[in-house]
Amino acid sequence: MTDKNTSTDFEVVIVGAGFAGLYMLHKMHEAGRTARVYEAGSGVGGTWYWNRYPGARVDIQSVEYSYSFSEELQQEWEWPEKYSAQPDILKYANHVADRFDLRKDIQFGTRVESAIFDEETSSWDVTTDQGDSVKAQFFVMATGCLSAANKPDIPGRDNFSGDTYYTATWPKEGVDFTGKRVGLIGTGSSAVQSTPVVAEEAESLTVYQRTASYSLPSNNTPTDPEFVAEIKANYSDFRAANRKMMAGTGAQYAAMLNDPILTYSSEEQDRLLEAAWDKGGFTFASVFPDVVTDYDANEVAANFARKKIAEIVEDEATAKLLMPDIVIGCKRMIIDSGYYETFNKPNVDLVDIKNHPIDEITESGIRIGDDHREFDAIIFATGFDAMTGAILNVDIRGRGGESIRDAWHAGPRTYLGLTTVGFPNMFVVTGPGSPSVLTNMIVSIEQHVEWIDECINYMDDNEFSTIDASLPAQDAWVDHVNKEAENTLRTDPNCNSWYLGANVEGKTRVFMPLAGFPAYKKKCDEVVAAGYEGFSLV
Ligand code: N01
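Just so it is clear, the structure is predicted and the values come from calculations on it, not from any experiment. (Residues numbered from 1 in each chain as written. Predicted model: local features only at pLDDT ≥ 70, side-chain atom pairs only at ≥ 80, totals over all residues. Heavy atoms only, no water.)

(A) Region of interest: the pattern of salt bridges. Going through the model one piece at a time under the given rule, you end up with 31 salt bridges. Lys308 is the salt-bridge partner of Glu274, the closest N and O atoms lying 2.6 Å from each other. In this pair, Glu274 sits in helix 8 (residues 266-279) while Lys308 sits in helix 10 (residues 295-312), placing the two residues 34 residues apart along the sequence. The exposure class of Glu274 is partly exposed, given its relative accessible area of 27%. Between Asp475 and Arg413 there is a salt bridge, with its nearest N and O atoms 3.1 Å apart. One end of the pair, Asp475, is in helix 16 (residues 471-486); the other, Arg413, is in the loop between helix 14 (404-407) and strand 18 (426-428), with 62 residues separating them in the sequence. Overall, Asp475 belongs to the partly exposed group, its relative accessible area being 29%. (Salt bridge = Lys/Arg side-chain N within 4 Å of Asp/Glu carboxyl O. Helix = DSSP H or I, 4+ residues; strand = E, 2+ residues; numbered from the N terminus. Buried < 20%, exposed > 50% of the residue type's maximum accessible area, 1.4 Å probe, protein only.)

(B) Here's a closer look at the state of the cysteines. This structure, assessed with the given rule, holds 1 disulfide. There is a disulfide in this structure between Cys330 and Cys495, and the S-S distance comes to 2.1 Å. Here the S-S torsion is close to 85°, and the disulfide linking Cys330 with Cys495 is therefore right-handed. Placement of Cys330 in the loop between helix 11 (316-322) and strand 11 (334-336) and of Cys495 in the loop between helix 16 and helix 17 (517-529) is noted, with a sequence separation of 165 residues between them. Residue Cys330 shares its accessibility class with Cys495, and that shared class is buried. Cys145 takes part in no disulfide bond, and the closest cysteine sulfur to it belongs to Cys524, at a distance of 15 Å. (Disulfide = S-S within 2.5 Å.)

(C) Structural detail: the nonpolar core. Counting residues in hydrophobic clusters, the biggest one holds 71 residues, and the most contacted among them are Ile14, Leu416 and Trp451. Considering every element that reaches this core, the biggest residue donor is helix 15 (residues 441-461), with 9 residues. In this view, Trp451 contacts Leu416, Leu418, Phe427, Cys524, Val527, Val528, Tyr532 and Phe535; residues no more than four positions away in its chain are not counted. One finds Tyr165, Leu322, Tyr339 and Leu350 within the second-largest nonpolar core, a separate group that totals 28 residues. (Core = buried A, V, L, I, M, F, W, Y, C linked by side-chain atoms within 4.5 Å. Contact = heavy atoms within 4.5 Å.)

(D) Region of interest: the side chain of Arg33. Take Arg33: it is sitting in the loop between helix 1 (19-30) and strand 2 (35-38). The class of Arg33 is buried, set by a relative accessible area of 9%. Looking at Arg33, its side chain comes within polar contact range of the side chain of Glu11, at 3.1 Å. Each residue touching Arg33, except ones within four places of it in the same chain, is listed here: Glu11, Val12, Met28, Ile456, Asn457 and Asp460. (Polar contact = N/O pair within 3.5 Å; in protein donor to acceptor, adjacent residues only side chain to side chain.)

(E) Examining the packing of aromatic side chains more closely. The full count for this structure, using the stated rule, is 37 aromatic pairs. For the ring pair Tyr49 and Trp50, a centre distance of 4.9 Å and an interplane angle of 80° mean the geometry is edge-to-face. Taking relative accessible area as the criterion, Tyr49 reaches 8% and is therefore assigned buried. Ring pairing ties together the aromatic residues Phe19, Tyr23, Trp48, Tyr65, Tyr67, Phe69, Trp77, Trp79, Tyr92 and Phe100, which thus form one cluster. The side chain of Arg52 reaches across the aromatic face of Tyr49, ending 4.7 Å from its centre. Between Lys151 and the ring centre of Tyr166, over which it is positioned, the NZ or CZ distance is 4.5 Å. (Phe/Tyr/Trp six-rings, centres within 6.5 Å; stacked < 30°, edge-to-face > 60°. Lys NZ or Arg CZ within 6 Å of the ring centre and 35° of its normal.)

(F) Here's a closer look at the domain arrangement of the protein chain. We note that the domain assignment places domain 1 (10-148 + 385-537), domain 2 (149-214 + 329-383) and domain 3 (224-303) within the protein chain. Computed over C-alpha atoms, the centres of domain 1 and domain 3 are 28 Å apart. Taken together, the 30 residues of domain 1 in the interface contact 29 residues of domain 3. At the boundary of domain 1 with domain 3, total buried surface from both sides reaches about 2,200 Å², with 50% on carbon and sulfur atoms. By the criterion of area lost to domain 3, the three top residues of domain 1 are Val63, Glu64 and Leu489, representing 29% of everything that side buries. Along the contact surface separating domain 1 from domain 3 lie 1 salt bridge. Residue Glu78 pairs with Lys232 through a salt bridge whose shortest N-O separation is 3.7 Å. The tally of links from domain 1 across to domain 3 stands at 15 residue pairs in polar contact (both at pLDDT 80 or more). Elements with a contribution of two residues or more to the side of domain 1 that touches domain 3: helix 3 (71-76), helix 15 and helix 17. If you tally residues by element for the side of domain 1 that touches domain 3, the top one is helix 3, at 4 residues. The residue makeup of the side of domain 1 that touches domain 3, split by class, is 11 nonpolar, 10 polar and 9 charged. (Domains from an automatic or database assignment. Buried area = accessible area lost by both parts, 1.4 Å probe. Nonpolar A, V, L, I, M, F, W, Y, C, P; charged D, E, K, R; others polar.)

(G) Just helix 15, in detail. Relative to the 30 Å expected for 21 residues at 1.5 Å per residue, helix 15 spans 30 Å between its end C-alpha atoms, a close match to the ideal helical length. Burial runs high along helix 15: 15 of the 21 residues are buried. Downstream of helix 15 by a residue or two, Glu463 has a phi angle that is positive, lying close to 55°. (Expected span 1.5 Å × (residues − 1).)

(H) Examining the site of the ligand more closely. Taken together, 23 residues lie around the ligand, and Thr187, Ser190, Thr211, Lys331 and Arg332 are the ones closest in. A distance of 2.8 Å separates an oxygen atom of the ligand from a polar atom in the backbone of Thr187. Between an oxygen atom of the ligand and a main-chain N or O atom of Ser189, the distance comes to 2.9 Å. Bound to the protein, the ligand loses 88% of the 910 Å² it would expose on its own. Of the residues forming the shell around the ligand, the biggest block, 3 residues, is contributed by helix 5 (residues 189-201). Within the shell around the ligand, the residues separate by chemical class into 9 nonpolar, 9 polar and 5 charged. Both domains that meet at the shell around the ligand, namely domain 1 (10-148 + 385-537) and domain 2 (149-214 + 329-383), each give it at least three residues. (Near = heavy atom within 4 Å. Areas by Shrake-Rupley, 256 points an atom, 1.4 Å probe, with all protein chains shown as cover.)

(I) A look at the side chain of Thr34. Its place among the elements puts Thr34 in the loop between helix 1 and strand 2. Among the polar contacts made by the side chain of Thr34, one reaches the main-chain amide nitrogen of Glu11 at a distance of 2.8 Å.

(J) Local environment of the environment of Ala407. Within the element layout of this structure, Ala407 appears in helix 14. Ignoring sequence-local partners within four residues, the contact set of Ala407 consists of Glu402, Arg413 and Phe423.

Below is the structure:
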């Protein structure tokens, strides 16, 4: 099929059918454009398609972690729980795909292998592992920030004769750990969510911890019908209020935002932190504005969290090991359902590997020095090559055949987190240099998709065929993102977060997202109002 206007096969090729790809496709349908989505999985849902590990659930309440673009959709959909579990979120993604008739333009089971910019025609030549070779004027990477699994090369990894699982690519049919001895590597969100569920089933569970994490109780509940009715009565106001928040979420708790923590007496600090802890979820993380900017303030909140661990975990030595020694909030906070309590179970054990990494994975288990433990299954909850991994996994070449891998060799460089110089007509949804993972992802996805859609319409209306960011604009933007990061404790040298790429061996250490949704959105709107300032349009 050849598009009638541009002699390309499609006006837009979109990579990924997660929440970003689905909405991008919907906007293209609304605008009457020809579009094709390529999706490696056999279904929609992106992160919620792949991350089917036991206990997977969202950490932002579902009335917020859902699309706002359709009033009918947000009115009709019912979430069973405050923080929905992965199967319910996947159900929602499938509902959206059907309701907006999206499947007809999604090719499943297809991984995009390369995208080469053709300077003659100002379009992209895209190839896939299924033998497709198509041309499109616009190329949109909707590949998600946390989609390329990090599979650390621990010696002997492939020698294990038992079952090996990665939380980021969990088997569709599920796994039954009943009667099994399980080793679990990692203590990030995926590990913290799966630990209590695996511990319920398994004969024994041994958790290998390199860095202790701060985890907050979700206090998840079944949906409160009164609360939801109240929101649905004024859903657009509720969404608008959240968009005004730094992270695009949490307006409901804005009243709890207080003065700097250090201005309170220690009794008051305790009382306020206790109240935030009891409310559950990210309330605790956002209750004081200075916790992510001031070391002394941070230590107050961190000590409170450590005290909570000591209260919950009965074995003193285990409690001590579980107490994090890093800045609170420098890594993404975790929301759990009974994580620390799990270490009170007789079949659960914690092995600290901070000072002595795993020596090898053997045929039958994991060895650290003389300590060899045998397992029937090993779970790698080892996270992702975040923000850039999925982009760099595709062989993308822009002007002059320049590879994006070369362009980003010292860390990602973007203008607005949406585009990168030398790669015209290519957009990244929630790319590095945008608020993305520091926000409710759906809020950021909607804002990016709408910006891209508006940009393409503008190009059409004004008969532009090519858009590219300018180098000075991009350089200034990268400087801005770096400066903003330096103003927080998230770049603390002792904190090896995936925000910094520090969880992946050999990856350049650079803070990739940009905090502050409202200011970012304002900037994007100003760029448009000024006739796409910082871009060259041809
Ligand atoms: O990954 P992580 P994740 N040897 O990178 C350890 C989102 N998410 O999948 O901290 C031993 O946080 C690593 O140790 P260290 C959310 O944004 C959301 O858990 O690097 N250990 C760490 O403990 C989250 O932040 C939800 O020292 C090794 C763990 O593996 C993001 O995804 C649920 C190792 C990886 O933790 C990533 O979370 C799940 C090695 N060689 C995920 N390599 C929600 O709640 C790594 N580790 C919505």
